[in-house]
Every structure is written in C-alpha cells, then in structure tokens.
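Read off the chains here:
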Amino acid sequence: MREIRVYHVDAFTTQKFGGNTAGVVLDAEKLTVSEMQSIAKELNLPESVFLLPSQNNNADYKVKFFTPTEEINFCGHATVGLTWLMATEFGLAKHKDGIVLETNIGNIPVMWHKEGGELTVVEMTQVTPQTKEIAIDLNILSQMIGVKFDSIDLEYPIKLANTGNWHLLVPIKDQEAIDEAMPDLAALAKHNKENTISTTHLYTFNTKKDVDIYTRDFAPGIGIPEDPVTGAANGALAGFLYLEGLISQTKTTNLKIAQGDAVGRPGLLNVTVIPNKSNPAIKVAGAAIITIRGILTI
C-alpha cells in the first residue's frame, strides 16, 4: 500500500471557501498517469496538480495537471495552490525567493512575495501569449453561453487566446449580463472539443466591483461546468488585450481581475503585463489558503 499526501488549497483568495479549490497531490512519483487521473476524478475539483521530481536542469520540480476527466497542459490556480503550500507548509519561502516548475508547455517560474517575513502572494510568469481568429455565428454563440445577443460587446473582437491552453474570449457589456449567463453546457462542450478550446471566458470592463475586469469561465469540454477563478484564462485575456493594443504596448499594465462571484466563491487576481514587442511577460499573482490536509491510501 502507498500513502499519498493530498491537500485542498483555495487559490486567488485569502478567505477559506473562496476562490478556486485545487487538489494538490504530493509523492506523485509513486503514481502512474492512470492513477493520477483516477485521483483527480475522486477529488472531483476543477483541477488537481501532481508534484514530481524533474530531470530538467532548469527546473526544480515537474508538475502534471488533471481535471476530473483529462490531463491538461497548464492550470493557473493549481500552480498558485501548490506553490503556496510549498512556501508555507514546507517552509521553502524561508530559504528561496521562488521555484521553477516544469510543465507540458515549458518551464513556469514562480516567485514568492513577502511582507514582514510573511507570504502575501504567489506570482507565476506564464508562457508567451498567442491569439488566433475563430469563425463563429454570434447567434449560436449567444445561445451557447446563455446571454442575450445584444449583451455581447461588439466593440472588442472575439478571439482565441493562449498562455498554455486555448480560451475563447467573449466580451460582454456588463457584469450583470455575465452573472445572469446560463450556458448550454452540452452545446458548449461539443463546440469547444471540436475546436480544441479548453474554456469559454466571459469578460467585461463594466463592473460594480473595485477592479479593472470582471470575468466568468466555463469549461464543460474538459469536465468543468464552471471554473470559479481561472489563472490560465485571465492570463490569456491579459495577453490578448496587449496583443490587440487594448492596453499599453509601451508601459507596464497592472490589472485587477475579479471572478467567482456568480458561484459564491469570489476571488481576485493581479495580472501584470510587461511590454516586449510581440512577446510580453504575463505575470499572474494571487494568495491562497490551505483547507484540507489528508492521506490517500492506494
């Protein structure tokens, strides 16, 4: 029998039962890929991250990410959850300023920011953003995402963006329309699978909260009806805004993004975009809190 250390960590929040819960599984070198998938299904969280040793000289650890139904290349909130746990529970932040994680999409540097010796936020640098066009009928889109046609904000382009996974970015006129969205999850899952899209990400600049952007994220195609607070999609959104010239391409932009209110798990992300021609640095930061510590015996 093998004992595997398993944690639940709420990411992008300082409050228990807020933000987005990640399963964090240590000792993953004892597991097969099939066992990792079974554990992710058993935990039944949006994503779970598995920690492994790395053979990469430029990385400290290797990680693998799973939804309840499949492996994915990258997950932002699980990265925050894992590295917050390592910094606090295991004291790594006392000896290092950060670590580098080897993922399916390359190495992800993570920095620990402290005040008065206490960890305040984890900041990951995501891979270089990409965008691409998608042909989609707006009437069909409005039905899939469950918003009125005239709630889609046509001042902004509807595109795919990527800082690890492809996300369909849909601009919406205001927060109320986002909160009232009732997507057709079956239709959305089918569409996203056919187009190799991980999530459909609704966003607006017109929000009642003291933030720059308000978002909501649906990922039924990869086994997640709604992802409460999404590090990967919001990083991709920031990259899209930069590449489209919707934020400065000459000065550093700091974005405060809120998500999770619609499902009762409010969270907050701080995204920094540092210009560098077509290769900006996208840094996504947030806090976390550990809620469950346990041992899984297999």
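It should be noted that the structure appears before, not after, this text.
Let us look at the structure shown here. (Residues numbered from 1 in each chain as written. Predicted model: local features only at pLDDT ≥ 70, side-chain atom pairs only at ≥ 80, totals over all residues. Heavy atoms only, no water.)

1. Observations regarding helix H3 (residues 138-145)
Piece 1. Residues Leu141, Ser142, Met144 and Ile145 constitute the buried set of H3. Mapping the buried residues of H3 onto a view down its axis gives an arc of 165°, with all of them on the same face.
Piece 2. Elements in contact with the buried residues of H3: strand S11 (166-171), helix H5 (185-194) and strand S12 (199-204).
Piece 3. Two or three places before Asn139, at the opening of H3, Asp137 has a side-chain oxygen 2.8 Å from that residue's backbone nitrogen.
Piece 4. Where H3 ends, the next residue or the one after it, Gly146, has phi of about 75°, a positive value. (Buried < 20%, exposed > 50% of the residue type's maximum accessible area, 1.4 Å probe, protein only. Helix = DSSP H or I, 4+ residues; strand = E, 2+ residues; numbered from the N terminus. Arc of directions from axis to C-beta. Contact = heavy atoms within 4.5 Å. Polar contact = N/O pair within 3.5 Å; in protein donor to acceptor, adjacent residues only side chain to side chain.)

2. Some words on empty space enclosed by the protein
Piece 1. Enumeration over the complete set of coordinates arrives at 1 cavity of 30 Å³ or more.
Piece 2. One number sums up the size of the largest cavity: a volume of about 70 Å³.
Piece 3. Residue lining of the largest cavity: 15 residues in total, with Glu47, Phe74, Asn165, Thr230 and Ala232 positioned closest to the centre.
Piece 4. For the lining of the largest cavity, the elements supplying multiple residues, two or more each, are helix H2 (76-88) and helix H6 (231-243). (1 Å grid on protein atoms, 1.4 Å probe; cavity = no way out; pocket = protein on both sides within 12 Å on 5 of 7 lines; lining within 4 Å. Points joined across faces, edges and corners; volume = space filled by probe spheres on them.)

3. Here we look at the nonpolar core
Piece 1. Core analysis: the biggest nonpolar cluster contains 58 residues, and Phe12, Val24, Phe65, Leu82, Trp112, Met124 and Val271 have the highest contact counts within it.
Piece 2. If sequence neighbours within four positions are ignored, Trp112 has contacts with Thr83, Ala87, Leu92, Ala93, Lys96, Asp97, Gly98, Ile99, Leu119, Val121 and Val122.
Piece 3. Counting residues in hydrophobic clusters, the runner-up holds 22 residues, among them Val147, Trp166, Leu168 and Ala177. (Core = buried A, V, L, I, M, F, W, Y, C linked by side-chain atoms within 4.5 Å.)

Limitation: the analysis is restricted to geometry and does not speak to function.
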